[in-house]
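Understanding the architecture of this molecule
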Amino acid sequence: MIRTRLRRRSAARDAYAAWTERVEPATAIRPHLRRFAAPPVLVEPRTEPQPISVVIDTSGGGDPAVTRASLPGAVPAVEGDGRARLGDVRTPWAAVLDAGDRLADGALRRLGQAAALAPDVALITGDDDVLDRSERRVEPRFFPGPSPDLLRERDLTGSVALLRTSRLPAHLPEGPRWRYELARHLAGPAGAGHAHLALVLVHRAQGDATHPPAPAQARLVPPLRGEPRVEAIVCFRDRPDLLERCTRSLLACDYERLSLRLVDNGSAEPATADLLDRLGRDARVTVRRDDRDFNFSALNNAAAAESDAEVLALVNNDVEFAQRDWLEPVLAHAQRADVGAVGPLLTRPDGRVQHAGAAIGLHGTAGHPFAGLRPDARTPLGAASDGVRNWLAVTAACLVVERPKFHGVGGFDERLVVGGNDVDLGLRLTARGWRTLCVPQARAVHAESATRDPADVLAGDVQRSVERYGDFLAMGDPFYSPGLTLERTDCSPKTPGEAGA
């Protein structure tokens with residue numbers, strides 16, 4: 001087992017080293033500047049960069065001479081306690097680096113170009129990796145584009161933070177995490193002040209203790225406003241075994257104002273009828289029959305139109321909730337004025353991730369990053385369990401949304417019969433200014449496709465999805481790094497032969 005793991009790690013390291021050899025930092029062909037929930041802007045090499053000073057922060061140790069050696073000769077630099085020396089900067093922008101880190105070739109020019117193309121932001125971050133003892137690039141960290149909700153719980157600033165000096169507060173944050181707290185201040189609560197340059201800009205020294213994996217902060221759950229009524233809509237056809245597990249776990253939820261609306265789409269088995277008869281005796285359960293040809297979007301839209309609950313929970317019949325307290329943290333986020341759809345982290349029956357958010361571009365249309373991994377498995381994009389993540393969409397296998405918001409964007413597009421409807425809904429919610437989140441502290445088990453074969457997704461759904469995803473397919477999902485593979489869901493770096501590498 002140990003040897004197998006070592007071989008896998010070595011293969012991943014060699015693949016990344018080979019890929020980076022093909023993408024020369026100095027060429028600046030496709031640096032992507034990412035803003036919150038918008039297609040990235042192509043940064044042209046001819047863009048005139050903004051002037052930048054470098055602050056070499058020696059407070060964490062490290063050799064400042066290593067960092068100085070990587071700076072272009074004409075760049076002004078100051079050394080010492082980074083927080084104290086920011087006041088010495090006389091240029092519009094200051095790049096703060098830890099002593100011992102090295103700038104990648106062309107990194108400052110790229111940051112200057114990004115600053116010129118994002119004149120309204122106050123913070124620009126980038127990706128980083130490690131130079132091992134053989135000077136090979138390994139251990140990349142590819143951060144998502146600006147993610148205001150994840151930034152509340154986890155440090156996403158990486159090894160370089162470009163700061164607009166005119167936006168620095170009069171009193172800088174104190175303590176060992178001052179740079180992270182400053183980044184949160186400059187980014188703003190909605191992330192509008194933050195841009196991310198999805199390129200490796202800094203090489204960290206191997207074994208550098210000043211760069212541990214970005215530590216999680218305390219889980220931040222907003223307070224619940226009142227006790228809104230929530231109705232879970234479950235559409236099904238037979239499979240009473242799944243329906244019994246799903247409904248039993250929903251009714252066991254410790255949130256008292258939860259009711260169920262069960263939509264029977266043509267069941268014929270006597271066991272299903274017996275189960276529905278028993279469930280129908282519970283005052284919290286409504287059973288309705290809808291025998292139309294299966295159309296996931298239409299079935300859920302019709303049920304949502306009949307509901308008078310403040311909040312809808314759309315749940316597949318092959319989802320089971322092991323946690324009695326799963327709903328409240330999801331509901332608390334769904335109540336926020338700036339949030340649309342919210343989902344829990346879904347695992348397969350074996351405990352591995354089935355869904356932690358959806359990224360456009362995976363497998364050619366959309367897919368689930370982290371799928372197949374353990375929730376705490378580390379990848380260049382972090383781990384599925386890191387904190388509340390921003391996405392363009394979450395799966396409708398378990399999706400919680402305030403009913404007025406769902407109806408405000410027209411619900412699901414009924415022309416998307418089986419697949420793609422949840423991503424399309426997320427894009428329309430995003431366009432209205434409502435963020436989409438996955439809350440990993442809330443978890444459920446999803447026996448994915450237990451009732452419907454993935455091959456049943458219609459060709460028309462795929463074609464319409466490709467049309468809807470538009471610019472995000474061409475330019476990339478803002479929350480999924482262009483340095484990551486689109487062929488697998490393990491959030492590993494692209495390989496030399498992969499399209500776009």
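As shown above, the structure is provided for reference.
In short, a report on the structure. Quick caveat: nothing in here was measured; it's all calculated off a predicted structure.

1. Looking at the packing of helix 7 (residues 240–251) against helix 8 (residues 270–280)
Running from N to C, helix 7 and helix 8 cross one another at 15 degrees; their axes reach a closest spacing of 10 Å. The pairing of helix 7 with helix 8 is recorded here as roughly parallel in orientation. As for how helix 7 packs across helix 8, the hand of that crossing is left-handed. Within the contact between the two elements, helix 7 uses Pro 240, Leu 243, Glu 244, Thr 247 and Leu 251 and helix 8 uses Ala 271, Thr 272, Leu 275, Leu 276 and Leu 279. A per-class count over the contact of helix 7 with helix 8 returns 7 nonpolar, 2 polar and 1 charged.

2. Concerning the pairing of strand 5 (residues 93–98)
Put simply, side chains in a regular strand alternate between the two faces of the sheet. Of all 6 residues making up strand 5, 6 are buried, and the element is well covered by its neighbours. Here strand 5 shows two buried faces, one formed by Trp 93, Ala 95 and Leu 97 and the other by Ala 94, Val 96 and Asp 98. Of the pairings in the sheet, the one linking strand 3 (residues 52–57) to strand 5 comprises 6 bridges and is parallel in character. Residue pairing across strands places Ile 56 opposite Leu 97, the latter belonging to strand 5.

3. Things to note about the pairing of strand 13 (residues 285–289)
Summarising the sheet, strand 12 (residues 258–264) and strand 13 pair through 5 bridges and their orientation is parallel. Residue pairing in the sheet places Leu 262 in a bridge with Val 287 of strand 13. Once the chain exits strand 12 it traverses helix 8 before rejoining the sheet at strand 13, and the crossover so formed is right-handed.

4. Structural notes on the nonpolar core
With 45 residues, the main nonpolar core has Ile 233, Phe 370 and Phe 406 as its most contacted residues. At the level of secondary structure, the elements contributing two or more residues to this core comprise strand 11 (230–236), helix 9 (296–306), strand 14 (311–316), strand 16 (339–347), strand 18 (359–360), strand 21 (398–402), helix 12 (421–431) and helix 13 (459–475). Discounting residues that sit within four places of it in the chain, Phe 406 has contacts with Asn 301, Ala 304, Leu 312, Leu 314, Val 401, Gly 411, Phe 412 and Leu 425. Core analysis: the next-biggest nonpolar cluster, separate from the first, contains 38 residues, Val 388, Cys 398, Val 400 and Leu 437 among them.

5. Topic: helix 12
Across the 11 residues that make up helix 12, a large majority, 9, are buried. All of the buried residues in helix 12 are Asn 421, Asp 422, Val 423, Asp 424, Leu 425, Gly 426, Leu 427, Leu 429 and Thr 430. Looking at the residues trailing helix 12, positive phi occurs at Gly 433, about 95 degrees.

6. Section: helix 9
Among the 11 residues that make up helix 9, 9 are buried, leaving the element largely enclosed by the rest of the structure. Those residues of helix 9 not exposed but buried are Phe 296, Ser 297, Ala 298, Leu 299, Asn 300, Asn 301, Ala 302, Ala 303 and Ala 304. Those residues of helix 9 that are buried lie in contact with strand 11, strand 12, strand 13, strand 14, helix 11 (403–408) and helix 12. Capping the start of helix 9 is the job of one residue whose side-chain oxygen sits 3.1 Å from the backbone nitrogen of Ser 297: Asn 295.

7. Description of the environment of Pro 222
By secondary structure assignment, the location of Pro 222 is in the loop between strand 10 (194–205) and strand 11. Distance in space between the C-alpha atoms of Pro 222 and Ala 334 is 9.9 Å, their sequence separation being 112 residues. Discounting residues that sit within four places of it in the chain, Pro 222 has contacts with Ala 332, His 333 and Arg 336.

8. Re the packing of helix 12 against helix 13
Interhelical geometry of helix 12 versus helix 13 gives an angle of 65 degrees and a closest axis separation of 10 Å. In the crossing of helix 12 with helix 13, the sense of the turn from one axis to the other is left-handed. Of the residues in helix 13, those in contact with Val 423, Asp 424 and Leu 427 of helix 12 are Arg 468, Tyr 469 and Phe 472. Each residue belonging to the contact of helix 12 with helix 13 can be placed in one class, and the counts come to 4 nonpolar, no polar and 2 charged.

9. Comments concerning the side chain of Asn 421
By the element assignment, Asn 421 lies in helix 12. Polar contacts involving the side chain of Asn 421 include one to the side chain of Ser 297, which spans 3.1 Å. At a separation of 3.3 Å, a polar atom in the side chain of Asn 421 contacts the main-chain carbonyl oxygen of Leu 416.

10. Side note on the pattern of salt bridges
Per the counting criterion, the structure on display carries 42 salt bridges. A salt bridge links Asp 155 to Arg 177; the nearest nitrogen and oxygen atoms lie 3.8 Å apart. Separated by 22 residues along the polypeptide, Asp 155 in the loop between helix 5 (148–151) and strand 9 (160–164) and Arg 177 in the loop between strand 9 and helix 6 (178–187) bring together distant segments of the chain. Classification of Asp 155 as buried rests on a relative accessible area of 16%. Judged by relative accessible area, which is 28%, Arg 177 ranks as partly exposed.

11. Things to note about the packing of aromatic side chains
Enumeration according to the criterion identifies 3 aromatic pairs in this entry. Pairing Phe 296 with Phe 412 gives two aromatic rings, centres 5.7 Å apart and planes at 55 degrees, and the pair type is tilted. Separated by 116 residues along the polypeptide, Phe 296 in helix 9 and Phe 412 in the loop between helix 11 and helix 12 bring together distant segments of the chain. Phe 412 shares its class with Phe 296; the two are buried. Ring geometry for Phe 321 versus Trp 326: centroids 4.1 Å apart, planes at 15 degrees, classification stacked. Exposure remark for Phe 321: the relative accessible area of 6% places this residue in the buried category.

12. Let's talk about the side chain of Ser 297
Relative to the elements of secondary structure, Ser 297 occurs in helix 9. When near neighbours in sequence (up to four residues on either side) are disregarded, Ser 297 contacts Phe 412, Asp 413, Glu 414, Leu 416, Val 417 and Asn 421.

13. Considerations on the environment of Ala 444
Its location among the elements puts Ala 444 in strand 22 (residues 435–446). Considered as a pair, Ala 444 and Gly 351 are 93 residues apart in the sequence and their alpha carbons are 9.8 Å apart. Those residues in contact with Ala 444 that lie beyond four places of it in its chain are Val 319, Glu 320, Phe 321, Leu 345, Leu 346 and Thr 347.

Rules used throughout
Residues numbered from 1 in each chain as written. Predicted model: local features only at pLDDT ≥ 70, side-chain atom pairs only at ≥ 80, totals over all residues. Heavy atoms only, no water. Axes fitted to C-alpha atoms, helices over the stretch in contact; angles between N-to-C directions. Helix = DSSP H or I, 4+ residues; strand = E, 2+ residues; numbered from the N terminus. Parallel < 35°, antiparallel > 145°, perpendicular 65-115°, else oblique. Left-handed = near helix turned anticlockwise from the far one by under 90°. Contact = heavy atoms within 4.5 Å. Nonpolar A, V, L, I, M, F, W, Y, C, P; charged D, E, K, R; others polar. Buried < 20%, exposed > 50% of the residue type's maximum accessible area, 1.4 Å probe, protein only. Pairing = 2+ DSSP bridges. Right-handed = clockwise from strand over helix to strand, strands pointing away. Core = buried A, V, L, I, M, F, W, Y, C linked by side-chain atoms within 4.5 Å. Polar contact = N/O pair within 3.5 Å; in protein donor to acceptor, adjacent residues only side chain to side chain. Salt bridge = Lys/Arg side-chain N within 4 Å of Asp/Glu carboxyl O. Phe/Tyr/Trp six-rings, centres within 6.5 Å; stacked < 30°, edge-to-face > 60°.

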